[in-house]
Amino acid sequence: MLDRVGVKSLDDLYSDVPKDVIFKGEYDLPAAMSEQEVRDFFESLDSKDEKLKVFVGQGAYDHYTPSVVPYITSRSEFLTAYTPYQAEISQGTLRYIFEYQSMICALTGLDISNASMYDGPTAAAEAVKMAPTCTKRKSRVLVSSSLLPNVIKTIQTYSYYHGTELTLIPCKDGQTCLDSVKAELARNDVAGLIAPSVNRYGIVEDLTGFAEAVHGEGGIFIEYCDPSALAVLKTPAEWGADIAVGDGQSLGIPMSFGGPYVGFMACRNEYVRKLPGRIVGETTDTEGRRCFCLTLQAREQHIRREKATSNICSNESLMALFVTVYMSLMGPKGLKEVNDRSYAAAHYLHDELLKTGKFAEVFDKPFLKEFVLKPLMPVERLHIKLHDGGFFAALETEEGYVSFCATERRTKAEIDALVALVKEA
Amino acid sequence: MKYYDKLIFELSKEGRVGYSLGKNEWTSTTDEIPAGLRRSEAVGLPQVSEVDVVRHYTNLSQMNFGVDTGFYPLGSCTMKYNPKINEEIAGMKGFLGLHPLQPASTVQGALEVYYNMDKALSAITGMASFTFDPCAGAHGELTGLMIMRQYHILNGDLKRTKVIVPDSAHGTNPASAAVCGLEVVVVKSKADGLVDVNDLKPLLGDDIAGIMMTNPNTLGLFEKDIEEIAALIHGCGGLLYYDGANMNPLIGVARPGDMGFDILHLNLHKSFSTPHGGGGPGSGPVGVCGKLVPYLPVPKVVKDEYGQFKVRGRAGVGKSDVRKNADGCEKSAGEVSGFLGNFGVILRAYAYILTLGRENVKLVGKYATLGANYIKESLKEYYKLPIPTVCKHEFVYDGLVNDGSRKAADGTTEREGATTLDVAKRLLDFGFHAPTIYFPLLFHQAIMIEPTETESIETMDAFIDVMKEIALEAAEDPAILKSAPHNAPITRPDETTAARQPILKYQDEE
Amino acid sequence: MSKVIEGLRYSEDHEWVKVEGNIATIGITDYAQKELGDITYADLPEVDDEVEAGDEFGALESVKASSELLCPVSGKVVEVNPELEDAPEKINEDAYEAWIIKVEMSDPAQVDALLDAAAYKAKIGE
């Protein structure tokens, strides 16, 4: 091979690199490991992690993953495939993305979905950036402080750099305050509002009047949602939202210490050209057969460069497949059951915790699977007791509340055991 | 690969389910939530049994081509083999079951992964510390530019709102700059494809935040003048950002940190062997030199004085923790994602680095470069080679030497020649994925080829033979290229109608 | 051979301008539509928008590329071709029929700086 290339040694291939830049030392890395040694190494790391019963949500939910899902996503034709730019040999990828887009539209009630984004918080940040481009001459975006903390922080970070002015809307009784929104809208420079469907306290917000108020002043309404909950809750479309974003982790993706998850974004037809990310469309081939391809690519970074709607290139394609297979298996009935059981478990937990007398109710508002309480005892003591019992629960929030979550995976026996520990604390 | 024309919605039948949740021990349901907060109709998802789901997606997969199917010489994508031990590690139940907000004391193993990866990537790249929060390369670019801006902002240097980008750069570079609120200033390349230092000098000033470069550049050529470029940029007060998409040929050979780069991102789904997944998930860790460490985004994994791993800077954490948690994070560029990045992808890359070890790391770049040059020399009689020098891990051809076009006596076109697109489509018939086409923009019929170090000489020779055959076919009569592919599940899709009359969901089909 | 019409003026960015009084009707040339390929979408300004010579006033998208439209003259947009919203391909069919915008010029002398048909033909080398 060296002969054909016309050099004498491998080092000659780098003769154009300045000598003082060539690394001559030893890399500070461990010695090469065999496969078995790699396995043993990670087993030992794994043993340093505690497997706890999870009673916390806040953006990562312990829902059941059907066995079929990882089986399909580990198929090498899906796992090791590239982005489907060559449609003729990527029909598998393109079709599942089309199905994913369709399902996100079914959940949100909106017209168009993209092929996925990194996660919920970045999807929210992108939607906030989109708002001024969807409206005429408006530049400020209102952000509800009832969104999850990591969503707010990500939106703030993105906006700090690209210059979109943000205003935080306070909460009233645990929900986004509509009066504050109206007061801000009166300044006539608001491009949009982003508010959650289920908020950081677990409360299902009553979004009546928000879309109307925002639209009345020429802005758009962005709703941040838990897609699994959308199987039972009022949809963004029904609330009058123009864009819906969120994280698909609740659709059966394991918690996996924070990632990979999958962000989604869906919008009304009129905003399709402002939508970031890839989009798959249906068409026919030269023989008239139904087929699929990436479309509306002129919006994307590889063509429009600095005028692109975003810089996103890779998305979370395989995770989009993950949730698509999950939704196919669960169907409307399965998703309703997941939500019903989560609701029942969470409400039982809530009521039992209040009966112990160690907590006070904070908000008297409808919730689905998550809620907050005010602890009437030192939080450290509660944490030690729960941790010793093998539970991860009562996450302390910024306000000094404790947050709990129960999904369909939490049994009555587990909840009773947790409550018993609380009584002892 | 066989044409299979179903969508999951078409397999739906009322009442079918594919899940198993077991006996329900509860009686309350979400119907107790006030009606005004609930959706009015059941969600329109398909109702399918398990066997139908499995068959459907298995059949879909058989219309796909992956690295495990065959060779993917995509320039700029580093489609190297994805080791299966990585999959085993990423699938370990213990790791999958960890909640990202669990107390640090209960996840010392997972945090150690981050800490060790930080050390390993720093060693390979010559940087001081990394963040793993970005979920993809472009996300890493954006994060890197945020760090650059934050550094200047906190130094009171508010005029620095421009970033220099070579005209050969990948589209994500200017796009990321725009998302970060920076204005793009383009520096030209010389005829040999390298940054023109003479065109760079007049662009320098106190309004320059820095330069974004990749080295080797997008043509696969090493930027020989990098030390001079670094001195110039630093001299005017700017920072150097390295786009790590082309890191592969440098692995084990040279380190961007030693060349003067201050910030870089890596694509774990390129040089570090994690699978592409059809377009993600990826991971774009960002590394910085010593003086920029305080500007890294949060949350960040650190080791305290007792050897315990902790997470600093997490948003929304408990009231009692707030002060302790924020220590050392005041200069951070901010939060760029929800938790700690794509842990599952980081695990895979870590397994890969451990498998390579310090001995084999030294072979990665060299073999990648050897393979690229081998192919380049083998086909240069058939494909135009605009830059004949030794390349690194990838190189560019500018279309066919003889594209089979014919002109009539009066100068009008009698027969259209085969384009780069036609060559790419014809390659699919022979079981190879096409190389990258029409990028970089410098060459109108660009074909960018990157074999990576994981391909055998037999595979490369087979690819060379097929490329020769296609070139000969084109010279003879390009029609067979123009009507390609013939052996794929579909022929060329009508992209124009797809864009003019978009059907973007199942519900749009009439 | 691309079609070039006598009596129109041409910009360096392949737009044609038809002057009637102080109204400039603007479109792209036959050469330009060929380069772009099948046009799939026209991103256009609104009536009453102010435009400056040399600034971007919209874009034309094709399957693989997106091309800015740079205004050859300064003024105010008084009409936008309504057909282009649903049928941007009309530009491919007849680039001189399918006008894009009409501008009430603030400085009609700017037209003199544009190319005439002969100069434009020379520019595209035909």
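Here the residue index of a chain counts from 1 through its sequence in written order. Labels are handed out in written order, letters beginning with A for the chains and numbers beginning with 1 for the ligands. Under the rules for a predicted model, residues below a pLDDT of 70 receive no local features and side-chain atom pairs below 80 are neither given nor counted, while totals for whole chains, interfaces and linings still include all residues. Side-chain numbers come from the whole structure's heavy atoms, not from hydrogens or water.

Draft legend 1. Here's a closer look at the overall build of chain C. A run of H or I in DSSP becomes a helix once it reaches four residues, and a run of E becomes a strand once it reaches two; helices and strands are each numbered from the N terminus. Looking only at helices and strands, one finds four helices and nine strands in chain C. When its helices and strands are written in sequence order, chain C yields β-β-β-α-β-β-β-β-β-α-α-β-α. We compute the radius of gyration over the C-alpha atoms and compare it with the globule rule, which gives 2.2 Å times the number of residues raised to the power 0.38. Computed over C-alpha atoms, the radius of gyration of chain C comes to 13 Å, within 12% of the 14 Å expected from 2.2 N^0.38 for 126 residues, which places it in the range of a compact globule. By principal-axis analysis of the C-alpha atoms, chain C measures approximately 35 × 35 × 20 Å. Within the span of chain C, comprising 126 residues, buried residues form 48% of the whole. Across chain C, contacts joining residues at least 24 apart in sequence account for 63% of those joining residues at least 6 apart. Using the Shrake-Rupley algorithm and a 1.4 Å probe, accessible areas are obtained, with residue cover drawn only from the displayed protein chains. Accessible area for chain C stands at about 6,000 Å²; split by element, carbon and sulfur atoms hold 43% of it. Side-chain charges in chain C split into 10 positive and 31 negative, and the spacing between the mean points of these groups amounts to 7 Å. To sort residues, take the accessible area from a 1.4 Å probe on protein chains only and compare it with the maximum for the residue type: under 20% means buried, over 50% means exposed, and anything in between is partly exposed. We call two residues in contact whenever any of their non-hydrogen atoms come within 4.5 Å of each other. By the counting rule applied here, Lys and Arg register as positive and Asp and Glu as negative, while His and the ends of each chain are not counted. Lys charges are placed at NZ, Arg charges at CZ, Asp charges at CG and Glu charges at CD.

Draft legend 2. Examining the sheet that holds strand E2 (residues 112-113) of chain A more closely. All names here are of chain A. Pairing between strands is defined by DSSP: at least two bridges between the two strands are required. The seven strands are arranged E2-E10-E9-E8-E7-E3-E4 in an open sheet whose pairing can be described as mixed. In this open sheet, the two strands that pair with only one neighbour each are E2 and strand E4 (165-169). Here five bridges tie strand E9 (residues 243-247) to strand E10 (residues 263-267), and the two strands are oriented antiparallel to one another. Residue pairing for E10: Val245 is matched across the bridge by Met265.

Draft legend 3. Summary view of the sheet that holds strand E4 (residues 39-43) of chain C. All names here are of chain C. The strand order E4-E6-E7 describes an open sheet built from three strands, whose pairing is antiparallel. Strands at the two margins of the open sheet, each flanked by one partner only, are E4 and strand E7 (66-70). The average angle at which neighbouring strand axes cross in this sheet is 20°, direction not considered. Alignment of E4 against strand E6 (residues 56-62), held across four bridges, turns out to be antiparallel. Across the sheet, the residue bridging to Ala42 is Leu60, located in E6. Helix axes are fitted to C-alpha atoms over the stretch in contact, other axes to C-alpha atoms as well, and angles between N-to-C directions run from 0 to 180 degrees.

Draft legend 4. Molecular detail of helix H13 (residues 457-476) of chain B. Over its 20 residues, H13 of chain B runs 29 Å from end to end, which matches the ideal 28 Å to within 8%, given 1.5 Å per residue. Every buried residue of H13 of chain B is listed here: Met460, Phe463, Ile464, Val466, Met467, Ile470, Ala471, Glu473 and Ala474 of chain B. Looking at the buried residues of H13 of chain B, the elements they touch are helix H1 (2-5) of chain A together with helix H11 (343-379), helix H12 (420-429), strand E14 (446-449) and helix H14 (479-482) of chain B. Multiplying 1.5 Å by the residue count of a helix minus one yields the expected span of that helix.

Draft legend 5. Examining the pairing of strand E14 (residues 370-375) of chain A more closely. All names here are of chain A. The buried fraction of E14 is high, at five of six residues. By the bridge criterion, three bridges tie strand E13 (residues 359-361) to E14 in an arrangement that is antiparallel. Across the sheet, Phe359 pairs through a bridge with Pro375, a residue of E14.

Draft legend 6. Main features of the environment of Gln102 of chain B. Residues and elements named next belong to chain B. Along the chain, Gln102 falls in the loop between helix H3 (93-96) and helix H4 (108-125). The buried category is assigned to Gln102, whose relative accessible area is 4%. Between the C-alpha atoms of Gln102 and Met467, which are 365 residues apart in sequence, the distance is 54 Å. Any N or O atom pair separated by 3.5 Å or less is treated as a polar contact, with the protein-specific requirement of one donor-capable and one acceptor-capable atom, and with residues adjacent in sequence counted only for side-chain atom pairs. A polar atom in the side chain of Gln102 sits 3.0 Å from the backbone nitrogen of His99.

Draft legend 7. Representation of the interface of chain B and chain A in the model. On the chain A side, the residues contacting the 200 residues of chain B number 181 residues. Buried area: the accessible surface (1.4 Å probe) lost by two parts on joining, summed over both. Between chain B and chain A lies a buried interface of about 16,400 Å² when both sides are counted; carbon and sulfur atoms form 63% of it. Only one rule defines a salt bridge in this text: a Lys or Arg side-chain nitrogen within 4 Å of an Asp or Glu carboxyl oxygen. Asp5 of chain B is paired through a salt bridge with Arg290 of chain A; the nearest N and O atoms lie 2.9 Å apart. Counting the contacts that link chain B with chain A gives 93 residue pairs in polar contact (both at pLDDT 80 or more). A total of 26 residues in the side of chain B that touches chain A trace back to one element, the largest contributor, which is H11 of chain B. Ten residue types, Ala, Val, Leu, Ile, Met, Phe, Trp, Tyr, Cys and Pro, are classed as nonpolar, four, Asp, Glu, Lys and Arg, as charged, and the remainder, Gly among them, as polar. Grouping the constituent residues of the side of chain B that touches chain A by class yields 102 nonpolar, 63 polar and 35 charged.

Draft legend 8. The packing of helix H13 (residues 379-388) of chain A against helix H14 (residues 412-424) of chain A, seen in detail. Residue and element names in this part refer to chain A. Contact geometry for H13 and H14: axes closest at 9 Å, N-to-C directions at 140°. By the angle between their directions, the pair H13 and H14 is classed as oblique. At the point where H13 passes H14, the crossing takes the right-handed sense. For the pair formed by H13 and H14, the contact residues are Leu382, Lys385 and Leu386 on the first element and Leu418, Leu421, Val422 and Glu424 on the second. Residues of the contact of H13 with H14, tallied by class, amount to five nonpolar, no polar and two charged. Roughly parallel means an angle under 35 degrees; roughly antiparallel, over 145; roughly perpendicular, 65 to 115; everything else is oblique. Less than a right angle of anticlockwise turn of the near helix away from the far helix marks a crossing as left-handed, whereas a clockwise turn marks it as right-handed.

Draft legend 9. Representation of the pairing of strand E11 (residues 280-284) of chain A. All names here are of chain A. Within E11, four of the five residues are buried, which leaves it mostly tucked inside the rest of the structure. In this structure, E11 lies alongside strand E12 (residues 290-294), joined through five bridges in antiparallel fashion. If you follow Val280 over to E12, its bridge partner there is Leu294.

Draft legend 10. Layout of the environment of Asn81 of chain C. Residues and elements named next belong to chain C. Tracing the backbone through its elements, the reader meets Asn81 in the loop between strand E8 (75-80) and helix H2 (83-86). For Asn81, a relative accessible area of 5% gives the class buried. Setting aside chain neighbours within four positions, we find Asn81 in contact with Leu44, Ala98, Trp99 and Ile100. A polar atom in the side chain of Asn81 sits 2.7 Å from the backbone oxygen of Trp99.

Draft legend 11. Spotlight on the packing of helix H6 (residues 120-134) of chain A against helix H7 (residues 149-162) of chain A. All names here are of chain A. Relative to each other, H6 and H7 sit at 40°, their axes nearing to 8 Å. Looking at the two axes, H6 sits oblique to H7. Both H6 and H7 take part in a crossing whose hand is right-handed. In this structure, H6 uses Pro121, Thr122, Ala124, Ala125, Val128 and Lys129 to contact H7, whose residues at the interface are Asn150, Val151, Thr154, Ile155, Tyr158, Ser159 and His162.

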